[in-house]
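Structure at a glance
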Amino acid sequence: GQSLEQPSEVTAVEGAIVQINCTYQTSGFYGLSWYQQHDGGAPTFLSYNALDGLEETGRFSSFLSRSDSYGYLLLQELQMKDSASYFCAVRSGAGSYQLTFGKGTKLSVIP
Amino acid sequence: GAVVSQHPSWVICKSGTSVKIECRSLDFQATTMFWYRQFPKQSLMLMATSNEGSKATYEQGVEKDKFLINHASLTLSTLTVTSAHPEDSSFYICSATGTADYNEQFFGPGTRLTVL
């Protein structure tokens with residue numbers, strides 16, 4: 001089976017840094033993705049890690065440790081518009097592009 | 001970036017009727033399309049995976065006779081909810097992968113279905 005764990009809610013102050021963790025237990029693992037979803041909107045792709053280490057894209061960074069079955073999304077210089085739900089998702093097979101999503105972390109950025 | 005559209009964006013229907021939702025990749029060829037269902041404040045649950053020209057693969061617990069999926073071309077997939085009931089009310093989202101980068105799924109804006 002597949003299971004992904006991430007905190008349900010996080011609150012942070014504008015301008016600060018926040019880290020959203022994701023641990024996973026899957027029958028196969030090919031990579032970890034992160035998606036952002038604003039209320040009522042579609043998920044948008046943020047990052048993908050297939051190998052251990054840190055990937056940086058602007059204010060957002062994503063980290064993966066395959067040996068620990070763990071990853072995180074790091075958001076820096078938080079802005080009010082970053083308030084959204086963030087989902088980690090596992091791609092569990094090389095031949096399959098299916099994603100299994102975590103339950104999502106609702107990030108609230110406060111002034 | 002790649003754009004995926006869905007139509008309609010919302011629909012209200014009576015119990016027992018069928019509803020068709022279209023998912024189109026506008027500027028790329030989608031070799032694979034996915035259909036998800038999302039209940040309020042919950043995660044995206046994969047319903048089925050469809051590849052152009054072949055039958056969809058449904059996830060366990062999803063009734064293939066109730067949720068009909070057709071992927072007739074590389075730019076269009078449709079989901080038909082047959083004999084809809086109130087418990088089918090949900091947010092239905094499609095996504096697509098192209099040939100350039102299989103690691104990213106491009107999501108449509110979703111369709112809010114309300115069955116009365």
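Structure first, text after, so check above.
Now for a quick tour of the structure. Per chain, residue numbering runs from 1 following the sequence as it is written. Note on labels: chains are lettered from A, ligands numbered from 1, in written order. This being a predicted model, a pLDDT of at least 70 is required before a residue's local features are given, and a value of 80 or more before pairs of side-chain atoms are given or counted; all residues contribute to the totals for chains, interfaces and linings. Just so you know, side-chain values use all the structure's heavy atoms and leave hydrogens and water out.

Quick look at the overall build of chain A now. A tally of helices and strands in chain A yields zero helices and eleven strands. For chain A, the N- to C-terminal ordering of α and β elements is β-β-β-β-β-β-β-β-β-β-β. Computation of the radius of gyration draws on C-alpha atoms alone. For the globule rule, the value is 2.2 Å times the number of residues to the power 0.38. Taken over the C-alpha trace, chain A has a radius of gyration of 13 Å; the compact-globule value for 111 residues is 13 Å, and the two agree within 12%. The principal-axis extent of the C-alpha atoms belonging to chain A is close to 45 × 30 × 20 Å. By the burial criterion, 48% of the 111 residues in chain A qualify as buried. Across chain A, every contact between residues at least 6 apart in sequence was considered, and the portion connecting residues at least 24 apart equals 57%. Taken as a whole, chain A presents about 5,200 Å² of accessible surface, with 48% of it coming from carbon and sulfur. The secondary structure listing takes helices from DSSP runs of H or I that are at least 4 residues long and strands from runs of E that are at least 2 residues long, numbered from the N terminus. Note on exposure labels: buried denotes an accessible area under 20% of the residue type's maximum, exposed denotes more than 50%, and partly exposed covers the range between, all computed with a 1.4 Å probe on protein chains only. Whether two residues are in contact is decided by their heavy atoms, any of which lying within 4.5 Å being enough. Each accessible area value is a Shrake-Rupley result obtained with a 1.4 Å probe; residue values ignore everything except the protein chains displayed when judging cover.

With that settled, the discussion passes to the side chain of Thr111(B). All names here are of chain B. By the secondary structure assignment, threonine 111 is in strand 11 (residues 111-115). Taking the relative accessible area as the measure of exposure, threonine 111 reaches 0% and is therefore buried. Within the structure, the side chain of threonine 111 is placed 3.1 Å from the side chain of glutamine 6, a separation counted as a polar contact. Setting aside chain neighbours within four positions, we find threonine 111 in contact with Gln6, Pro8, Ser9, Trp10, Val11, Ile21, Ser90, Phe91 and Tyr92. Each polar contact in these results corresponds to two N or O atoms within 3.5 Å; when the atoms are within protein, one needs to be able to donate a hydrogen and the other to accept it, and residues that are neighboring in sequence are counted only if both atoms are side-chain atoms.

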